[in-house]
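Tertiary structure, described
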Amino acid sequence: MKQTDQRKFLLGMSLGELRNVATELGMPAFTGGQICKWLYVQHVSSIDEMTNISKVNRERLKEYYEIGVMPHVDAQYSKDGTIKYLFPVRCDSDGRVRFVETVYIPDGDRATLCVSCQVGCKMNCLFCQTGKQGFDGNLAVSDILNQIYALPERDKLTNIVFMGQGEPMDNLEQVLKATQVLTSDWGFAWSPRRITVSSVGIKNKLQQFIEQSECHVAISMHSPFPEQRGHLMPAERGMSIEEIVKLLRNYDFSHQRRLSFEYIVFKDVNDSRAHARAIVNLLDGLDCRVNLIRFHQIPDIPLQGVDDAKMEAFRNYLTTHGVFTTIRASRGQDIYAACGLLSTERMS
(Lines give C-alpha, C1' and ligand atoms only; values in the text may rest on other atoms or scores of the structure.)
Protein backbone atom coordinates (compact mmCIF):
# COMPACT_ATOMS: atom_id res chain seq x y z
CA MET A 1 0.00 0.00 0.00
CA LYS A 2 2.92 2.32 0.61
CA GLN A 3 5.64 3.16 -1.90
CA THR A 4 8.40 1.73 0.24
CA ASP A 5 10.72 1.23 -2.76
CA GLN A 6 10.02 4.72 -4.17
CA ARG A 7 8.77 3.38 -7.47
CA LYS A 8 6.48 5.83 -9.24
CA PHE A 9 2.95 5.11 -10.42
CA LEU A 10 2.03 4.94 -14.09
CA LEU A 11 -1.69 5.29 -13.38
CA GLY A 12 -2.69 8.90 -13.93
CA MET A 13 0.10 9.79 -16.33
CA SER A 14 -0.78 11.38 -19.66
CA LEU A 15 0.32 10.07 -23.04
CA GLY A 16 3.05 12.71 -23.18
CA GLU A 17 4.31 11.78 -19.71
CA LEU A 18 4.36 8.10 -20.61
CA ARG A 19 6.37 8.83 -23.75
CA ASN A 20 8.84 10.74 -21.59
CA VAL A 21 9.06 7.75 -19.25
CA ALA A 22 9.93 5.51 -22.18
CA THR A 23 12.61 7.78 -23.65
CA GLU A 24 14.19 8.47 -20.24
CA LEU A 25 14.61 4.71 -19.82
CA GLY A 26 16.22 4.37 -23.23
CA MET A 27 13.15 2.98 -25.01
CA PRO A 28 11.56 4.27 -28.23
CA ALA A 29 8.96 6.99 -27.67
CA PHE A 30 6.26 4.78 -29.21
CA THR A 31 6.69 2.43 -26.23
CA GLY A 32 5.02 5.16 -24.17
CA GLY A 33 1.99 4.85 -26.44
CA GLN A 34 1.97 1.09 -25.90
CA ILE A 35 2.07 1.58 -22.13
CA CYS A 36 -0.79 4.06 -22.43
CA LYS A 37 -3.00 1.54 -24.23
CA TRP A 38 -2.21 -1.18 -21.72
CA LEU A 39 -3.24 1.17 -18.90
CA TYR A 40 -6.32 2.90 -20.20
CA VAL A 41 -7.69 0.45 -22.77
CA GLN A 42 -6.64 -2.95 -21.43
CA HIS A 43 -6.61 -1.92 -17.74
CA VAL A 44 -3.72 -4.23 -16.82
CA SER A 45 -2.77 -4.68 -13.18
CA SER A 46 0.92 -5.42 -13.73
CA ILE A 47 3.69 -4.39 -16.11
CA ASP A 48 4.29 -8.06 -16.92
CA GLU A 49 0.96 -8.09 -18.76
CA MET A 50 2.28 -5.59 -21.33
CA THR A 51 3.24 -8.38 -23.69
CA ASN A 52 4.02 -6.32 -26.80
CA ILE A 53 6.85 -4.63 -24.90
CA SER A 54 10.08 -6.63 -24.78
CA LYS A 55 10.89 -8.47 -21.59
CA VAL A 56 14.07 -6.44 -21.22
CA ASN A 57 12.12 -3.18 -21.38
CA ARG A 58 9.42 -4.49 -19.04
CA GLU A 59 12.10 -5.35 -16.47
CA ARG A 60 13.67 -1.92 -16.86
CA LEU A 61 10.26 -0.29 -16.43
CA LYS A 62 9.57 -2.31 -13.28
CA GLU A 63 12.77 -1.01 -11.67
CA TYR A 64 11.32 2.48 -11.48
CA TYR A 65 7.57 2.18 -11.94
CA GLU A 66 4.49 0.19 -11.05
CA ILE A 67 0.89 0.43 -12.26
CA GLY A 68 -0.37 1.93 -9.00
CA VAL A 69 -3.56 -0.11 -8.79
CA MET A 70 -4.76 -1.27 -5.37
CA PRO A 71 -7.92 -3.33 -4.72
CA HIS A 72 -10.55 -2.28 -2.20
CA VAL A 73 -10.10 -3.60 1.33
CA ASP A 74 -13.77 -3.66 2.33
CA ALA A 75 -17.23 -3.52 0.77
CA GLN A 76 -20.67 -2.93 2.27
CA TYR A 77 -23.83 -3.86 0.42
CA SER A 78 -27.11 -1.95 0.71
CA LYS A 79 -30.51 -3.55 0.37
CA ASP A 80 -31.14 -1.18 -2.57
CA GLY A 81 -28.13 -2.48 -4.53
CA THR A 82 -25.72 0.30 -3.64
CA ILE A 83 -22.18 -0.82 -2.74
CA LYS A 84 -19.75 1.22 -0.64
CA TYR A 85 -16.10 0.36 -1.19
CA LEU A 86 -13.17 1.24 1.03
CA PHE A 87 -9.95 2.01 -0.86
CA PRO A 88 -6.48 2.57 0.60
CA VAL A 89 -4.74 5.73 -0.58
CA ARG A 90 -1.16 7.00 -0.61
CA CYS A 91 -1.49 10.74 -0.06
CA ASP A 92 0.67 10.58 3.06
CA SER A 93 4.34 11.24 3.67
CA ASP A 94 4.45 9.90 7.23
CA GLY A 95 4.04 6.19 6.50
CA ARG A 96 0.40 5.94 7.57
CA VAL A 97 -2.11 4.28 5.29
CA ARG A 98 -5.27 6.29 4.78
CA PHE A 99 -8.63 5.33 3.30
CA VAL A 100 -11.48 6.81 1.30
CA GLU A 101 -15.00 5.59 0.63
CA THR A 102 -16.34 5.20 -2.90
CA VAL A 103 -19.99 4.48 -3.69
CA TYR A 104 -21.28 2.42 -6.63
CA ILE A 105 -24.95 3.15 -7.42
CA PRO A 106 -26.70 0.91 -9.97
CA ASP A 107 -30.05 2.19 -11.23
CA GLY A 108 -31.66 0.36 -14.14
CA ASP A 109 -29.50 0.88 -17.19
CA ARG A 110 -27.38 3.48 -15.39
CA ALA A 111 -24.52 2.87 -13.00
CA THR A 112 -22.97 5.84 -11.22
CA LEU A 113 -19.77 5.93 -9.19
CA CYS A 114 -19.35 8.57 -6.50
CA VAL A 115 -15.60 9.13 -6.11
CA SER A 116 -13.57 10.89 -3.42
CA CYS A 117 -10.74 13.38 -3.98
CA GLN A 118 -9.54 14.03 -0.41
CA VAL A 119 -9.26 12.20 2.88
CA GLY A 120 -11.75 14.18 4.92
CA CYS A 121 -12.53 17.77 3.95
CA LYS A 122 -11.60 21.31 4.97
CA MET A 123 -15.00 22.84 4.21
CA ASN A 124 -16.70 21.70 7.46
CA CYS A 125 -20.27 22.04 6.22
CA LEU A 126 -22.62 21.73 9.20
CA PHE A 127 -24.64 18.88 7.70
CA CYS A 128 -21.80 16.70 6.35
CA GLN A 129 -20.15 13.82 8.18
CA THR A 130 -17.02 14.08 6.01
CA GLY A 131 -16.48 17.64 7.19
CA LYS A 132 -16.65 16.51 10.82
CA GLN A 133 -13.72 14.22 10.06
CA GLY A 134 -11.44 17.16 9.35
CA PHE A 135 -8.82 17.16 6.61
CA ASP A 136 -6.14 14.51 6.34
CA GLY A 137 -4.71 14.85 2.85
CA ASN A 138 -5.24 15.38 -0.88
CA LEU A 139 -5.48 12.37 -3.16
CA ALA A 140 -2.98 12.09 -5.99
CA VAL A 141 -4.40 11.49 -9.46
CA SER A 142 -3.45 7.81 -9.15
CA ASP A 143 -5.55 7.47 -5.98
CA ILE A 144 -8.52 9.21 -7.59
CA LEU A 145 -8.37 7.03 -10.69
CA ASN A 146 -7.73 3.86 -8.70
CA GLN A 147 -11.28 4.08 -7.35
CA ILE A 148 -12.44 3.60 -10.94
CA TYR A 149 -9.63 1.43 -12.28
CA ALA A 150 -9.86 -1.12 -9.48
CA LEU A 151 -13.65 -1.12 -9.21
CA PRO A 152 -15.11 -4.63 -9.77
CA GLU A 153 -18.02 -3.06 -11.70
CA ARG A 154 -15.82 -0.73 -13.75
CA ASP A 155 -17.11 -1.97 -17.11
CA LYS A 156 -20.72 -1.29 -16.06
CA LEU A 157 -20.19 2.39 -15.25
CA THR A 158 -22.16 4.97 -17.19
CA ASN A 159 -21.48 8.03 -15.01
CA ILE A 160 -18.99 9.37 -12.49
CA VAL A 161 -19.70 12.09 -9.93
CA PHE A 162 -17.03 13.81 -7.86
CA MET A 163 -19.33 14.02 -4.85
CA GLY A 164 -17.57 11.72 -2.40
CA GLN A 165 -15.18 12.78 0.33
CA GLY A 166 -13.48 16.14 -0.17
CA GLU A 167 -13.92 19.38 -2.12
CA PRO A 168 -12.76 18.95 -5.74
CA MET A 169 -11.75 22.61 -6.16
CA ASP A 170 -9.50 22.28 -3.10
CA ASN A 171 -7.55 19.56 -4.96
CA LEU A 172 -8.06 21.04 -8.39
CA GLU A 173 -4.79 20.07 -10.09
CA GLN A 174 -5.25 16.37 -9.36
CA VAL A 175 -8.97 16.43 -10.20
CA LEU A 176 -8.24 18.07 -13.56
CA LYS A 177 -5.59 15.43 -14.28
CA ALA A 178 -8.08 12.69 -13.44
CA THR A 179 -10.78 14.12 -15.71
CA GLN A 180 -8.19 14.53 -18.48
CA VAL A 181 -7.34 10.82 -18.31
CA LEU A 182 -11.02 9.90 -18.23
CA THR A 183 -12.00 12.03 -21.24
CA SER A 184 -8.94 12.03 -23.54
CA ASP A 185 -8.84 9.88 -26.68
CA TRP A 186 -5.64 8.27 -25.38
CA GLY A 187 -7.26 7.65 -22.00
CA PHE A 188 -10.62 6.16 -21.06
CA ALA A 189 -12.16 8.15 -23.95
CA TRP A 190 -15.30 8.98 -21.98
CA SER A 191 -17.49 11.89 -22.96
CA PRO A 192 -17.14 14.70 -20.38
CA ARG A 193 -20.95 14.64 -20.28
CA ARG A 194 -20.69 11.43 -18.27
CA ILE A 195 -18.83 13.21 -15.48
CA THR A 196 -20.13 15.70 -12.91
CA VAL A 197 -17.84 17.62 -10.58
CA SER A 198 -19.37 19.15 -7.46
CA SER A 199 -18.16 22.20 -5.54
CA VAL A 200 -19.11 24.55 -2.73
CA GLY A 201 -17.47 27.26 -4.82
CA ILE A 202 -13.87 28.39 -4.28
CA LYS A 203 -12.75 31.72 -5.67
CA ASN A 204 -10.51 31.47 -8.76
CA LYS A 205 -10.52 27.66 -8.61
CA LEU A 206 -14.12 27.31 -9.80
CA GLN A 207 -13.46 29.60 -12.75
CA GLN A 208 -10.30 27.66 -13.62
CA PHE A 209 -12.22 24.38 -13.60
CA ILE A 210 -15.02 25.71 -15.82
CA GLU A 211 -12.52 27.00 -18.35
CA GLN A 212 -10.27 23.93 -18.39
CA SER A 213 -12.87 21.16 -18.25
CA GLU A 214 -16.05 20.37 -20.17
CA CYS A 215 -17.52 18.17 -17.43
CA HIS A 216 -20.86 18.97 -15.85
CA VAL A 217 -20.80 21.35 -12.87
CA ALA A 218 -22.82 20.94 -9.65
CA ILE A 219 -22.84 23.71 -7.06
CA SER A 220 -23.76 23.10 -3.42
CA MET A 221 -26.25 25.84 -2.60
CA HIS A 222 -28.39 24.70 0.37
CA SER A 223 -29.60 28.24 1.01
CA PRO A 224 -30.09 31.25 -1.30
CA PHE A 225 -29.47 33.64 1.61
CA PRO A 226 -25.76 34.41 2.16
CA GLU A 227 -25.93 34.75 5.94
CA GLN A 228 -27.76 31.47 6.41
CA ARG A 229 -25.60 29.69 3.83
CA GLY A 230 -22.55 30.93 5.75
CA HIS A 231 -23.91 29.26 8.88
CA LEU A 232 -24.48 26.00 7.05
CA MET A 233 -21.37 26.26 4.86
CA PRO A 234 -18.36 28.28 6.06
CA ALA A 235 -17.06 28.36 2.46
CA GLU A 236 -19.72 31.02 1.77
CA ARG A 237 -17.35 33.53 3.38
CA GLY A 238 -14.72 32.79 0.75
CA MET A 239 -17.05 32.80 -2.24
CA SER A 240 -20.68 33.72 -1.76
CA ILE A 241 -23.55 32.07 -3.58
CA GLU A 242 -24.20 35.43 -5.25
CA GLU A 243 -20.60 35.58 -6.52
CA ILE A 244 -20.88 32.00 -7.75
CA VAL A 245 -24.04 32.68 -9.74
CA LYS A 246 -22.55 35.89 -11.15
CA LEU A 247 -19.51 33.93 -12.35
CA LEU A 248 -21.62 31.17 -13.87
CA ARG A 249 -23.60 33.67 -15.93
CA ASN A 250 -20.44 34.29 -17.96
CA TYR A 251 -20.50 30.77 -19.40
CA ASP A 252 -22.79 28.92 -21.77
CA PHE A 253 -24.61 25.99 -20.15
CA SER A 254 -27.40 25.95 -22.71
CA HIS A 255 -26.12 23.03 -24.78
CA GLN A 256 -24.89 19.62 -23.63
CA ARG A 257 -22.93 20.77 -20.60
CA ARG A 258 -25.17 20.81 -17.54
CA LEU A 259 -25.19 23.16 -14.58
CA SER A 260 -27.00 22.07 -11.45
CA PHE A 261 -27.44 23.30 -7.90
CA GLU A 262 -27.58 20.85 -5.01
CA TYR A 263 -30.05 21.70 -2.25
CA ILE A 264 -30.45 19.61 0.89
CA VAL A 265 -33.83 20.44 2.42
CA PHE A 266 -33.85 20.97 6.19
CA LYS A 267 -37.05 21.18 8.20
CA ASP A 268 -37.91 24.74 9.28
CA VAL A 269 -34.50 25.96 8.12
CA ASN A 270 -34.42 26.33 4.33
CA ASP A 271 -37.79 24.89 3.26
CA SER A 272 -39.99 28.00 3.32
CA ARG A 273 -41.78 29.74 0.49
CA ALA A 274 -39.39 32.67 1.03
CA HIS A 275 -36.46 30.37 0.29
CA ALA A 276 -38.15 29.05 -2.84
CA ARG A 277 -38.86 32.60 -4.08
CA ALA A 278 -35.26 33.63 -3.39
CA ILE A 279 -33.96 30.66 -5.41
CA VAL A 280 -36.17 31.64 -8.34
CA ASN A 281 -34.88 35.22 -8.19
CA LEU A 282 -31.25 34.18 -7.76
CA LEU A 283 -31.28 31.80 -10.73
CA ASP A 284 -33.50 33.89 -13.00
CA GLY A 285 -32.38 33.50 -16.62
CA LEU A 286 -29.64 30.97 -15.82
CA ASP A 287 -29.85 27.68 -17.73
CA CYS A 288 -29.66 25.21 -14.86
CA ARG A 289 -31.51 22.73 -12.71
CA VAL A 290 -31.95 22.28 -8.97
CA ASN A 291 -31.57 18.87 -7.33
CA LEU A 292 -33.40 18.58 -4.01
CA ILE A 293 -31.74 16.15 -1.61
CA ARG A 294 -33.09 14.53 1.53
CA PHE A 295 -31.12 15.19 4.70
CA HIS A 296 -29.57 12.17 6.38
CA GLN A 297 -29.13 12.59 10.10
CA ILE A 298 -25.59 12.75 11.49
CA PRO A 299 -24.62 12.73 15.20
CA ASP A 300 -24.86 15.88 17.30
CA ILE A 301 -26.27 18.08 14.53
CA PRO A 302 -29.67 19.71 15.28
CA LEU A 303 -31.01 19.48 11.74
CA GLN A 304 -33.93 17.42 10.48
CA GLY A 305 -35.18 16.40 7.07
CA VAL A 306 -38.64 17.06 5.66
CA ASP A 307 -41.34 14.65 4.55
CA ASP A 308 -42.09 13.76 0.95
CA ALA A 309 -45.04 16.15 0.75
CA LYS A 310 -42.83 19.11 1.68
CA MET A 311 -40.14 18.06 -0.80
CA GLU A 312 -42.70 17.78 -3.57
CA ALA A 313 -44.33 21.12 -2.75
CA PHE A 314 -40.92 22.83 -2.79
CA ARG A 315 -40.08 21.18 -6.12
CA ASN A 316 -43.43 22.11 -7.63
CA TYR A 317 -43.06 25.77 -6.69
CA LEU A 318 -39.62 26.00 -8.29
CA THR A 319 -40.71 24.15 -11.42
CA THR A 320 -43.85 26.21 -11.97
CA HIS A 321 -41.74 29.36 -11.60
CA GLY A 322 -39.29 28.35 -14.31
CA VAL A 323 -36.57 26.49 -12.41
CA PHE A 324 -36.37 22.86 -13.52
CA THR A 325 -36.17 20.86 -10.30
CA THR A 326 -35.81 17.19 -9.39
CA ILE A 327 -35.80 15.21 -6.16
CA ARG A 328 -32.77 12.97 -5.89
CA ALA A 329 -33.49 9.41 -4.84
CA SER A 330 -31.75 8.53 -1.58
CA ARG A 331 -29.53 5.48 -2.01
CA GLY A 332 -27.41 3.44 0.39
CA GLN A 333 -28.59 5.06 3.60
CA ASP A 334 -28.53 1.74 5.48
CA ILE A 335 -24.77 1.43 4.89
CA TYR A 336 -24.03 5.13 5.46
CA ALA A 337 -23.36 5.67 1.77
CA ALA A 338 -25.95 8.38 1.14
CA CYS A 339 -25.21 12.07 0.61
CA GLY A 340 -23.26 13.60 3.49
CA LEU A 341 -22.59 10.33 5.34
CA LEU A 342 -19.16 9.31 4.04
CA SER A 343 -16.39 9.26 6.64
CA THR A 344 -13.18 7.37 7.38
CA GLU A 345 -12.44 9.22 10.60
CA ARG A 346 -12.35 5.96 12.57
CA MET A 347 -9.40 4.86 10.45
CA SER A 348 -7.30 8.03 10.71
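1. Topic: helix α5 (residues 141-149)
The buried fraction of α5 is high, at 9 of 9 residues. Restricting attention to buried positions, one finds in α5 the residues Val141, Ser142, Asp143, Ile144, Leu145, Asn146, Gln147, Ile148 and Tyr149.

2. Focus on the layout of surface pockets
Taken as a whole, the second largest pocket spans an internal volume of roughly 210 Å³. Around the second largest pocket, the lining is made up of 13 residues, and of these Phe9, Leu11, Ala140, Val141 and Ser142 lie nearest the centre. Contributions of two or more residues to the lining of the second largest pocket are made by α5 and α6 (172-183). It is α5 that contributes the most residues to the lining of the second largest pocket, 3 residues altogether. By residue class, the composition of the lining of the second largest pocket is 5 nonpolar, 4 polar and 4 charged.

3. Describing the state of the cysteines
Following the criterion strictly, the structure yields 0 disulfides and no others. Sulfur of Cys128: no disulfide; nearest cysteine sulfur belongs to Cys125 and is 6.2 Å away. Cys128 gets classed as buried once you look at its relative accessible area, which sits at 19%. With no disulfide partner, Cys215 has as its closest neighbouring cysteine sulfur the one in Cys117, 13 Å distant. Take Cys215: its relative accessible area is 2%, and that puts it in the buried class.

4. Quick notes on the pattern of salt bridges
The full count for this structure, using the stated rule, is 12 salt bridges. Among the salt bridges present, the one from Glu101 reaches Lys84, with a minimum N-O distance of 3.2 Å. Of this pair, Glu101 sits in strand β5 (residues 98-107) while Lys84 sits in strand β4 (residues 83-89), placing them 17 residues apart in sequence. Per residue, the accessibility class of Glu101 equals that of Lys84, and both read buried. In this structure, Lys203 engages Glu243 in a salt bridge whose closest nitrogen and oxygen atoms are separated by 3.1 Å. Taken together, the residues span a long stretch of sequence, with Lys203 in the loop between β10 (195-199) and α7 (205-212) and Glu243 in helix α9 (residues 241-248) at a distance of 40 residues. It is possible to trace a salt-bridge network through shared partners that takes in Asp48, Glu59 and Lys62.

5. Some points on the pairing of β5
With 7 of 10 residues buried, β5 lies mostly within the body of the structure. Pairing between β4 and β5: 7 bridges, direction antiparallel. Paired with Lys84 across the strands is Val103, a residue of β5. The pairing of β5 with strand β6 (residues 110-114) spans 5 bridges and is classified as antiparallel. Following the sheet pairing, Val103 is matched in β6 by Cys114. Connecting β5 to the antiparallel partner β6 that follows it, the hairpin turn spans 2 residues, and Gly108 within it adopts a positive phi of roughly 65 degrees.

6. So, the side chain of Arg257
For Arg257, the location among the structural elements is in the loop between α9 and β12 (259-265). For the buried Arg257, no salt bridge exists, and the shortest N-O distance to an oppositely charged side chain is 7.3 Å, to Glu214. Of the polar contacts made by the side chain of Arg257, one reaches the backbone oxygen of Ile210; its length is 3.1 Å. In terms of polar contacts, Arg257 uses its side chain to reach the backbone carbonyl oxygen of Ser213, at 2.8 Å. Apart from residues no more than four positions distant in its own chain, Arg257 is found in contact with Arg193, Phe209, Ile210, Ser213, Glu214, Cys215, His216 and Val217.

7. Considerations on helix α3 (residues 55-64)
By the burial criterion, the buried members of α3 are Asn57, Arg58 and Leu61. Buried residues of α3 fall within an arc of 100 degrees about the axis and therefore sit on the same side. Away from its buried face, by an angle of more than 90 degrees, α3 presents the exposed residues Lys55, Val56 and Glu63.

8. Let's talk about the packing of aromatic side chains
When we look at a pair of aromatic rings, we describe it by the centre distance and by the angle of the planes. In total, this model carries 6 aromatic pairs according to the counting rule given. Geometrically, the ring pair formed by Tyr85 and Phe87 is tilted, given 6.3 Å between the ring centres and 45 degrees between the ring planes. With respect to burial, Tyr85 and Phe87 carry one shared label: buried. Taking 5.5 Å as the distance between ring centres and 40 degrees as the angle between the ring planes, the aromatic pair formed by Phe127 and Phe266 counts as tilted.

How each quantity is defined
- Residues numbered from 1 in each chain as written.
- Predicted model: local features only at pLDDT ≥ 70, side-chain atom pairs only at ≥ 80, totals over all residues.
- Heavy atoms only, no water.
- Buried < 20%, exposed > 50% of the residue type's maximum accessible area, 1.4 Å probe, protein only.
- Helix = DSSP H or I, 4+ residues; strand = E, 2+ residues; numbered from the N terminus.
- 1 Å grid on protein atoms, 1.4 Å probe; cavity = no way out; pocket = protein on both sides within 12 Å on 5 of 7 lines; lining within 4 Å.
- Points joined across faces, edges and corners; volume = space filled by probe spheres on them.
- Nonpolar A, V, L, I, M, F, W, Y, C, P; charged D, E, K, R; others polar.
- Disulfide = S-S within 2.5 Å.
- Salt bridge = Lys/Arg side-chain N within 4 Å of Asp/Glu carboxyl O.
- Pairing = 2+ DSSP bridges.
- Lys, Arg positive; Asp, Glu negative; His and termini not counted.
- Polar contact = N/O pair within 3.5 Å; in protein donor to acceptor, adjacent residues only side chain to side chain.
- Contact = heavy atoms within 4.5 Å.
- Arc of directions from axis to C-beta.
- Phe/Tyr/Trp six-rings, centres within 6.5 Å; stacked < 30°, edge-to-face > 60°.

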